[in-house]
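Architecture and fold: a report
Below, each chain spelled out in residue letters.
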Amino acid sequence: MASLRTEVSFQRCISPRCGATFDVCEVHTACPHCGGLLDVDYDWDRAAVPGSLREFEQRWADRRDPLNFSGVWRFRELLPFAPPQSVVTIGEGQTILQPNEAVGRYVGTRRLYLQYEGLNPSGSFKDNGMTAASTHARMIGARLAACASTGNTSASLAIFASTTRLFRVVVFVGSGRIAFGKLSQALDYGALTLQIEGDFDDALARVREVCRRERIYLCNSVNPFRLEGQKATVYRILEGLNWQPPDWIVVPGGNLGNSSAFGKALIELKRLQLIDRLPRLAVINAAGAATLFDLYETHGVRWNGGNCDQHRIAAYFEEMDRQGRRARTLASAIEINRPVNLLKCLRALEACDGVVRTVTDEEILDAKACVGAGGFGCEPASAAAVAGARRLRSEGVIAAEDSVVCVLTGHQLKDPQATVAYHSSAPDAIDPALAGRGIRRVGHPNRPVTVPNDLEAILAALTRFAPDA
Ligand SMILES: *Cc1c(COP(=O)(O)O)cnc(C)c1O
Ligand SMILES: [Zn+2]
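Residues numbered from 1 in each chain as written. Chains lettered and ligands numbered in written order. Predicted model: local features only at pLDDT ≥ 70, side-chain atom pairs only at ≥ 80, totals over all residues. Heavy atoms only, no water.

Details of the nonpolar core
Counting residues in each nonpolar core, the largest one holds 96 residues, and the members touching the most others are Leu53, Phe81, Tyr235, Leu269, Val283, Leu292 and Leu346. In terms of residue count, helix H12 (residues 342-351) provides more of this core than any other element does, six residues in total. Among the nonpolar cores identified, the runner-up in size contains 32 residues, and Ile334, Cys370, Val371 and Ala385 belong to it. (Core = buried A, V, L, I, M, F, W, Y, C linked by side-chain atoms within 4.5 Å. Buried < 20%, exposed > 50% of the residue type's maximum accessible area, 1.4 Å probe, protein only. Helix = DSSP H or I, 4+ residues; strand = E, 2+ residues; numbered from the N terminus.)

Quick word on a nonpolar patch on the surface
A surface patch of nonpolar side chains, amounting to about 240 Å² of accessible area, comprises Ile96, Leu119 and Phe376. The residue Phe376 is located in the loop between helix H13 (361-374) and helix H14 (380-394) in this model. Exposure remark for Phe376: the relative accessible area of 41% places this residue in the partly exposed category. (Patch = residues over 30% accessible without salt bridge, like charges linked within 9 Å, V, L, I, M, F, W, Y side chains within 5 Å. Areas by Shrake-Rupley, 256 points an atom, 1.4 Å probe, with all protein chains shown as cover. Salt bridge = Lys/Arg side-chain N within 4 Å of Asp/Glu carboxyl O.)

Things to note about the sheet that holds strand E2 (residues 21-22)
Ordered by their spatial adjacency, three strands build an open sheet running E2-E1-E3, and the pairing between neighbours is antiparallel. Two strands in the sheet have a free side with no partner beyond their single neighbour: E2 and strand E3 (38-42). Direction of pairing for strand E1 (residues 9-13) relative to E2: antiparallel, over a ladder of two bridges. Within E2, the position partnered with Gln11 by the bridge is Phe22. (Pairing = 2+ DSSP bridges.)

Side note on the site of ligand 1
For ligand 1, the set of nearby residues contains 16 residues, the closest of which are Lys126, Asn152, Gly254, Asn258 and Thr409. Measuring from an oxygen atom of ligand 1, one finds a side-chain N or O atom of Asn152 at 2.7 Å. In the complex, the protein chains occlude 97% of the 390 Å² of accessible area that ligand 1 would expose alone. The pocket occupied by ligand 1, as judged from atoms lying within 2 Å of grid points, is the largest cavity. (Near = heavy atom within 4 Å. Polar contact = N/O pair within 3.5 Å; in protein donor to acceptor, adjacent residues only side chain to side chain. 1 Å grid on protein atoms, 1.4 Å probe; cavity = no way out; pocket = protein on both sides within 12 Å on 5 of 7 lines; lining within 4 Å. Sits in = over half its atoms within 2 Å of the grid points.)

Brief notes about the confidence of the model for the protein chain
When pLDDT is averaged along the protein chain, the result is 93, and 94% of the positions lie at 70 or above. For the stretch residues 1-6, pLDDT sits under 50, and the model shows 20 contacts to residues farther than four places along the chain or on other chains. Below pLDDT 50 for its whole length, residues 434-440 participates in 12 contacts with residues either more than four positions away or in separate chains. (pLDDT = per-residue confidence, 0-100. Contact = heavy atoms within 4.5 Å.)

Topic: the packing of helix H3 (residues 126-139) against helix H4 (residues 152-164)
Contact geometry for H3 and H4: axes closest at 9 Å, N-to-C directions at 45 degrees. Taken as axis vectors, H3 and H4 run oblique relative to one another. Where H3 crosses over H4, the two elements pack in a sense that is right-handed. Contacts between H3 and H4 involve Lys126, Asp127, Met130, Thr131 and Ser134 from the first element and Asn152, Thr153, Ser156, Leu157, Ile159 and Phe160 from the second. For the contact of H3 with H4, the class distribution of residues is four nonpolar, five polar and two charged. (Axes fitted to C-alpha atoms, helices over the stretch in contact; angles between N-to-C directions. Parallel < 35°, antiparallel > 145°, perpendicular 65-115°, else oblique. Left-handed = near helix turned anticlockwise from the far one by under 90°. Nonpolar A, V, L, I, M, F, W, Y, C, P; charged D, E, K, R; others polar.)

The following block contains the structure:
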């Protein structure tokens, strides 16, 4: 395969009415003409794309080359915006697709696969994106990078900065709304950590302001280069299935960067005739943070070839502000009011015949316990995908014989508090704000057993646990 060619890539406004284009070395997080989202786009006729996805498998044989080791850059011909010497990689994307019978029984399908993105270096899928954003930051010579975060974006950006020492990092987090595993990472990796009074949306608005004023490189998912890296999860899923698209890909939806990137990856692969059909896409919101669900399923807002009903969307947010409604869910990674990639996600849903569902916090915690009992485990937001697949199966939208991939976006140890609270005590111990909201476990918590420091008592407890032992 030929090497990367930067001249085939450019940035393009996603609005078909605007469609303005920009050089890849310009830094924008919105279209300077119309304020819309930007894509990284390619002149595919001039790009050196392999004739078959199978060709990428040859890279497994030479994994001493960091570009081949990376689960993102070994697909570099599918995101050809960077010269190889600019690539910033820390070994991200060593993630696997696993069939899981126990979770399959829970969901109600025999062909259930889990894509464990929690196995990334910082413990979440965000590393797929951050390797690409860091690469672009290096291409333009940025010295300082920033993000707002519910936790995982900051952990990811901070690990890239601490490992490579190419730039310094400032992270903005909402006060009190960040899981401790994630906060501890940002602190350990040495990021300047600013806790802003307010939630994620407040922190994002501020970091955008500060980055504009101080010319700091912004690494949230409004950064189109970051989303290029996140396409790689799709490539690895396809590889895990011997390059056959599954019937469904199910992913939690927060700021909707991942679902947007998946859609873009799939649209491009189809266009390049590297796959012959698209899987269906299911995006799962938490019931307490259901903007996408409300707009797509309740109000019927569609991408509509780029002419979506902006007035409907604006009216929805006005009403949200008027009522003072704020997102609230245990799944802190998807606790988002105004998903910045809404339009890109609508585009992905249109291409992939998508559906959107909500799941309650109880369903999320139960699904999480099921994943933990049957595999590597995940954090609450990730379990929304499994709970959502279960719901779609019970509705008959997903058929019993369908192959289903649930993307587990973050590692189990990100939010141990939620896990321990689920298994040991009342859920309002997880989040006092949930007290009185009727949160109820429907699964099987695995309570820790308290025993006296006494051999007979310990043996008796053991007998109760495993009578045949
Ligand atoms: C960021 C994140 C999400 C949400 O992804 P979006 O791309 O913002 O929709 C879901 N789960 C985890 C664990 C995350 O870190
Ligand atoms: Zn534009």
